[in-house]
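The lines below spell out each chain.
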2 protein chains.
Amino acid sequence: MKDSRNVYLTNIPLKEAQEQYLEVIDFSTVYGERERILTVDALNRITAKPVFAKKSSPSYNAAAMDGVAVITGKTHGATEINPIRLKKGVDYEYINTGGHIKDPFDAVIMIEDIVEIDAETVEIMEPAKNWQHVRPVGEDIVEGELIISANHQIRPFDIGALLAGQIREVEVYRHLRVGILPTGSEIIDVSDELQEGKIIESNSSMFAALVQQYNALPVRYPVVKDDYDLIKETILKLTEENDMVIINAGSSAGSKDYTVNVLREIGEVVIHGIATKPGKPAILALVKGKPVIGIPGYPVSAYFVFDFFVKPLIFSYNHQLTIQLPVVKATLSKRIVSSLKHEEFIRIKLGKVKEKLIATPLDRGAGVTMSLVRADGVLVVPQQCEGYDGGSEVDIQLYKPMEEIQNTIVSIGSHDMVMDLLGDKMRLHYNDLYLSSAHVGSLGGIMAMKKQECHIAPIHLLDAKTGSYNEAYVRQYIKEAPMAIIKFIRRSQGLMVQKGNPHSIKGIEDVISKKLQYVNRQRGAGTRILLDYYIEQLQVDTEELMGYEREMTTHMSVAAAIASGTADCGLGILSAAEAMGLDFVPVAWEDYDLLIPQEMLKDTKIERLLEIIKGQDFITTVEGFGGYDTNRIGEIILL
Amino acid sequence: MKDSRNVYLTNIPLKEAQEQYLEVIDFSTVYGERERILTVDALNRITAKPVFAKKSSPSYNAAAMDGVAVITGKTHGATEINPIRLKKGVDYEYINTGGHIKDPFDAVIMIEDIVEIDAETVEIMEPAKNWQHVRPVGEDIVEGELIISANHQIRPFDIGALLAGQIREVEVYRHLRVGILPTGSEIIDVSDELQEGKIIESNSSMFAALVQQYNALPVRYPVVKDDYDLIKETILKLTEENDMVIINAGSSAGSKDYTVNVLREIGEVVIHGIATKPGKPAILALVKGKPVIGIPGYPVSAYFVFDFFVKPLIFSYNHQLTIQLPVVKATLSKRIVSSLKHEEFIRIKLGKVKEKLIATPLDRGAGVTMSLVRADGVLVVPQQCEGYDGGSEVDIQLYKPMEEIQNTIVSIGSHDMVMDLLGDKMRLHYNDLYLSSAHVGSLGGIMAMKKQECHIAPIHLLDAKTGSYNEAYVRQYIKEAPMAIIKFIRRSQGLMVQKGNPHSIKGIEDVISKKLQYVNRQRGAGTRILLDYYIEQLQVDTEELMGYEREMTTHMSVAAAIASGTADCGLGILSAAEAMGLDFVPVAWEDYDLLIPQEMLKDTKIERLLEIIKGQDFITTVEGFGGYDTNRIGEIILL
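Residues numbered from 1 in each chain as written. Chains lettered and ligands numbered in written order. Predicted model: local features only at pLDDT ≥ 70, side-chain atom pairs only at ≥ 80, totals over all residues.

**Q** What exactly am I supposed to notice about the overall build of chain A here?
**A** Secondary structure summary: chain A contains 18 helices and 38 strands in total. A compact globule built from 639 residues would reach a C-alpha radius of gyration of about 26 Å, whereas chain A, at 34 Å, exceeds it by more than 25%. C-alpha atoms of chain A, sized along the principal axes, occupy 115 × 70 × 45 Å. The buried share of chain A, reckoned over its 639 residues, is 53%. Long-range contacts, defined here as pairs at least 24 residues apart, represent 76% of the contacts in chain A between residues at least 6 apart. (Helix = DSSP H or I, 4+ residues; strand = E, 2+ residues; numbered from the N terminus. Rg over C-alpha atoms; globule rule 2.2 N^0.38 Å. Buried ≥ 20, exposed ≤ 12 C-beta atoms within 10 Å, placed from the backbone. Contact = placed C-beta atoms within 7 Å.)

**Q** Please explain the domain arrangement of chain A as it appears in this structure.
**A** Size of an interface: often given as the accessible area lost when the parts come together. As assigned here, chain A comprises domain 1 (14–28 + 176–317), domain 2 (34–57 + 140–173), domain 3 (62–135), domain 4 (325–406) and domain 5 (442–638). Domain 2 of chain A and domain 4 of chain A are separated by 42 Å when their C-alpha centres are compared. (Domains from an automatic or database assignment.)

**Q** How should the environment of Asp 395 of chain A be read in this particular structure?
**A** Residue and element names in this part refer to chain A. Along the chain, Asp 395 falls in strand S28 (residues 393–398). Sequence-wise, Asp 395 and Val 328 are 67 residues apart; in three dimensions their C-alpha atoms are separated by 5.6 Å. Excluding anything up to four places from it in sequence, Asp 395 contacts Val 327 and Lys 329.

**Q** Honestly, the sheet that holds strand S8 (residues 114–118) of chain B in this entry has me stumped. Any pointers?
**A** As a general point, the strands of a sheet are linked pairwise by backbone hydrogen bonds and lie either parallel or antiparallel. All names here are of chain B. Across the sheet, three strands lie side by side as S5-S9-S8; this open sheet has antiparallel pairing. For this open sheet the edge positions go to strand S5 (84–87) and S8, each flanked by a neighbour on one side alone. Recorded for the sheet is a direction-independent mean angle of 30 degrees between the axes of neighbouring strands. Inspection of the sheet shows S8 paired to strand S9 (residues 121–124) by four bridges, in the antiparallel sense. Residue pairing across strands places Val 115 opposite Glu 123, the latter belonging to S9. (Pairing = 2+ DSSP bridges. Axes fitted to C-alpha atoms, helices over the stretch in contact; angles between N-to-C directions.)

**Q** What should I look at first to understand the nonpolar core in this one?
**A** Inside soluble globular proteins, nonpolar side chains tend to come together where they are buried. Residues Val 108 and Ile 147 of chain A together with Ile 246, Met 496, Ala 559, Ile 562 and Leu 595 of chain B are the most contacted members of the largest nonpolar core, which totals 201 residues. Sort the elements by how many residues they give to this core and helix H7 (residues 299–317) of chain B lands first, with 12 residues. The contact partners of Ala 559 of chain B, leaving out residues within four places of it in the chain, are Met 496, Gly 572, Ala 576, Ala 577, Ala 579, Met 580 and Leu 582 of chain B. Listed in part, the 198 residues of the second largest apolar core include Tyr 258, Leu 263 and Ile 486 of chain A together with Leu 86 of chain B. (Core = buried A, V, L, I, M, F, W, Y, C linked by C-beta atoms within 7 Å.)

**Q** For this particular structure, what's the right way to read the sheet that holds strand S4 (residues 67–70) of chain A?
**A** Residues and elements named next belong to chain A. Ordered in space as S6-S4-S7, the three strands form an open sheet in which the pairing is antiparallel. At either margin of the open sheet sits one strand with a lone partner, and together these are strand S6 (92–95) and strand S7 (107–110). Put simply, the sheet's adjacent strands are angled 35 degrees from each other on average, direction ignored. Pairing of S4 with S6 involves four bridges; the strand directions are antiparallel. For Ala 69, the partnering residue across the bridge sits in S6 and is Glu 93.

**Q** Any chance you could explain the interface of chain B and chain A here in plain terms?
**A** In this complex, chain B contributes 101 residues to the contact, which on the side of chain A involves 100 residues. Residues of the side of chain B that touches chain A, tallied by class, amount to 44 nonpolar, 38 polar and 19 charged. (Nonpolar A, V, L, I, M, F, W, Y, C, P; charged D, E, K, R; others polar.)

**Q** Before we go on, may I ask you to explain the relation of the copies chain B and chain A in this structure?
**A** Between the two copies of this chain, the relationship is a rotation about some axis together with a displacement along it. Superposing chain B onto chain A takes a rotation of 180 degrees plus a shift of 0.0 Å along the axis, which leaves an RMSD of 0.1 Å. Both copies are brought into coincidence by an operation consistent with a two-fold rotation axis. Among all residues of chain B, the one whose C-alpha sits closest to the rotation axis is Pro 326 of chain B, at a distance of 4.5 Å. (Least-squares fit on C-alpha atoms with pLDDT ≥ 70 in both.)

**Q** What exactly am I supposed to notice about unusual backbone geometry here?
**A** Peptide bonds are, in most cases, trans, and in most cases residues other than glycine have a negative phi. Between Asp 103 of chain A and the following residue, Pro 104 of chain A, the backbone shows a cis peptide bond with an omega angle of 5 degrees. Within the secondary structure, Pro 104 of chain A is located in the loop between S6 and S7. At the junction of Lys 277 of chain B and Pro 278 of chain B, the peptide bond is cis and its omega measures out at -5 degrees in the coordinates. Mapped onto the elements of the fold, Pro 278 of chain B is located in the loop between strand S19 (276–277) and strand S20 (283–287). Of note, Asn 44 of chain A is a non-glycine position whose phi angle comes to about 70 degrees, a positive value. Mapping Asn 44 of chain A onto the fold places it in the loop between strand S1 (34–38) and strand S2 (51–52). Positive phi values are uncommon outside glycine, yet Lys 288 of chain B reaches one of about 50 degrees. Residue Lys 288 of chain B is classed as exposed on the basis of its C-beta count, with 10 C-beta atoms lying within 10 Å.

**Q** Can you help me understand the pairing of strand S4 (residues 67–70) of chain B in this one?
**A** For a regular strand, the rule is simple: side chains alternate between the two faces of the sheet. In the sheet, S4 of chain B pairs with strand S7 (residues 107–110) of chain B via four bridges, with the strands oriented antiparallel. Bridge assignment links Val 68 of chain B to a residue of S7 of chain B, and that residue is Ile 109 of chain B.

**Q** Can you walk me through the packing of helix H5 (residues 228–241) of chain B against helix H6 (residues 259–266) of chain B in this structure?
**A** To characterise two packed helices, one gives the angle between the axes of the helices and the distance between these axes. Residues and elements named next belong to chain B. The interhelical angle for the contact between H5 and H6, taken along N-to-C directions, is 55 degrees, at an axis separation of 10 Å. The orientation of H5 with respect to H6, classified from their angle, is oblique. The element H5 and its partner H6 pack so that their crossing is right-handed. Contacts between H5 and H6 involve Tyr 228, Ile 231, Lys 232, Ile 235 and Leu 236 from the former and Thr 259, Val 262, Glu 265 and Ile 266 from the latter. (Parallel < 35°, antiparallel > 145°, perpendicular 65-115°, else oblique. Left-handed = near helix turned anticlockwise from the far one by under 90°.)

Okay, here's the thing in structure tokens:
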């Protein structure tokens, strides 16, 4: 029982699970605990009572204009022909806007409408009406008036109104305490030193930030290892100390996933298993009447399960409607297939291309945090839906403001660290210019350009026939619109090998003959095409190259595989080898250029990009990396 | 010069002013100051450098599934007919998701695909592929990969990704310090005791909350009185201590408005006077190269000038696009006239009535903070526009989420504190039910209903012919759709008089005969109609009642006028008299009911409302106020 492998997971639709769970939760005990705080510190807090003004604002009759305070009775009959003279201190007093209108004065005449005769006398040409240009007591807020109701989240101008109504303290609910418990023997705390085979705990910090953002109080606890009794004891303690508890990882059904059994023993598991991807193994439980939520460990699943269940609970406690993300219509750039078994949440990159918003799905793996970091929004594929065809119009929930998306240059294609540098320089020079880089290889970039998913496509494609780069491929694949190439950088490609080159690799032929482990790039990557070119020249079969089938999507991940010792060699660029502390055997120089539709060249975003890459600052930095040549940078070739 | 009254204000269009001002500001010195903070504390901070991963994530080859780690070479040839048996510790090892795949293992077979023969042996029916079900080193994040660029605002999942990439500290810009200086001899600090003729300082607390909300650091200073040298000295000190300074009030051209002259002496006034309403007397200046903004004192002007100039400066410093409010289309319920002299910002109440979003302008006075508190959004009338006709479709910038607006019962009509109570009970019982109450008097309510601006209209209208309430008026004015009346409460109307009734007022006739000061309600108010009914019965002229022309829009403001001594008497309700410590001479009982279109009766929001007002909790509270009768509460009369 403590180590039982076969836990049955249900497959309950998300909405149903949310409703079922919310129904069994009773927050009412928490609401009893209130605190009086200073109004000036009350931003975003939730009122526990309606607030009525203690005093009127203004609390006295105040001049609404600069001018003179007068007694209406003494102004009767004044005309342009028969002006009336008033005596200072008796009939009038100078007054500024906001000044106190005291007895016997009962009106204000504007400064523009009086004639100063001398320091003691003014002349008026029109009678004053009773209380004219006077802000009466309570014009803004009247004593006893309702300023804000109970269960209201306090905004900046509420604070202004409360103070104007002489409310210096407000009664609010105390913050909801959300205990966050990371578990897992392979997990180490963020403050601990990383060890081989261990994973640094990052989800609980993300949860803490989310809890804070949603206006509750996060309480992070140290990692607890996979030990049934220890987990049980800790959860019991946490439910004492908090209003709600999040347990991260161990929610699945593996041999060390104790969470669900512990929760069954000490409380009630309302739901285990929801029909979503990611997020399936979520646990929704109650311990001593308090919500305890088991969240899967993969960071993307973790984010979504938090979003599905913890977020609405916090908003519900705060008596607020759960914030909904704004939704836009976008055109899907490629077909998406999704199972009928679950509702799927797919991270999306958006790009405004020719007035059309194009949605491109990002990596769907639950382990890829960067798919959240890079996402502009999320596409929800309902459970009853098998997916969407490319070109379909879909609803995207936005993670970023549309304005930012509209100011983003979307780049899809091959990766090089100069693209990171470019994005960074764009952010440094302009507050309203962003670069989004997706790395799908050069041919992937050309295909994305063909489908108008991107503004630029960084490519490095060797034409085997001519030995020249890029132009031939573009001419072959894109006939839809006139294209241009912005010459970018030349870079050195070579074989990345372990430090000291222990196998004395000089070329691909050595890797084959010595039966070493190669690690390849994905189909369509310029570097893969370069490899294929060499293999063809060697007249050998790809099967003779061990590891030809093992595909990585970036230079850096190839380098990482070599550095970790799971491969001996891979083709890549100097900067990747250097970043990973590998040796590098140069093989060729290649042109890494930016493909762009001609009509985009007049776009302000692209003009700014050109200005940046041609700038001395950018060129100096690139040259400093080593392995780069910037001779033709910024040159434009119309195809 | 120090006390010159005639300061010339320019009338520069807002957009121009914003651009001109932003152009002269140089924040670059501030950017030099950075701080290294813990990643876990970095929510919402702005990166000062791009951040690259220190380590890959995962940092080792990890199992992607629960199962057994195997050596691919030893699985070749396995089929259902010829399964292969593997020996524990030699050929396989049990492994959980996330577990470390150590040499010599190079693949994972899922738990579902193995057959346990005994504790030391498993059988497989299929060969494993190299690295299957293994998350390779760097699958999520590769060492050296760009996680986030410079000038990026850190979000919760960025924190997760940074930690996954072993980034435990990040370099961020320090917070922008915004110094907030309230000025004015009539102003007292929020912590001081209120005195006659003084105004409590509320704007700087609103500014502080806004600065905080926009991700900068507010620094509030004590009130400085209107003294040229003191103001000068203080501003100089504040520009030393802060990156930006806000001076509240004194920005106009009155005799005590020193700010602009001080700023001219110690710095440069870039702009004084913008073509907006509210907000015209804003001052945009530079002192020692730092932005110093003079903001007018009226709370609504103060809010808008902050929004026009301080907000974009903060966002600009933070390298972020200024947050734009979401915009919706709505139908204007009445004509709006605006001057060609300025761009006008009109607070708007929205109501979803029969699938149509109706926009009703709120009080346009710059002194009415409550118009901001009550607003759902703002309508911008451009300078070149004289206004809009009723029924026009206009763009409204939203202050609240649309979902909240859709869940709001819009009430327009007469005010009574039971409406405040109702709104409060609605918030207590439902997280997704809101009441918006606008107080325009009973006839105003009927007119609003006629134009479909509201869902319910609280009214108390005496039909002089029959002596009965409400029904006759509704039948006379509304013929567009079948109406209903929800019987609400009966309440006691009477003459509110000063404590002890010093003039021994027994009825309106005494007020007339004793030539006392009356204070009236606005045209269309039920209470005004009641007064007119009595005056008619007395067969006297309204001119004989002194103060008949002085109009207030609520019971409470009538009571406030009497309490402050500017009037002797006014008609109103018991609860208002009691709230203001006045005596009360009963005159009549009246029916205060809710007018509603019949078709709204089936609306969920209204069903909930009925449930609340018929509840014992509500009835007990109302009866407890005194002066109310709830006998027929909740009864529905179809007209």
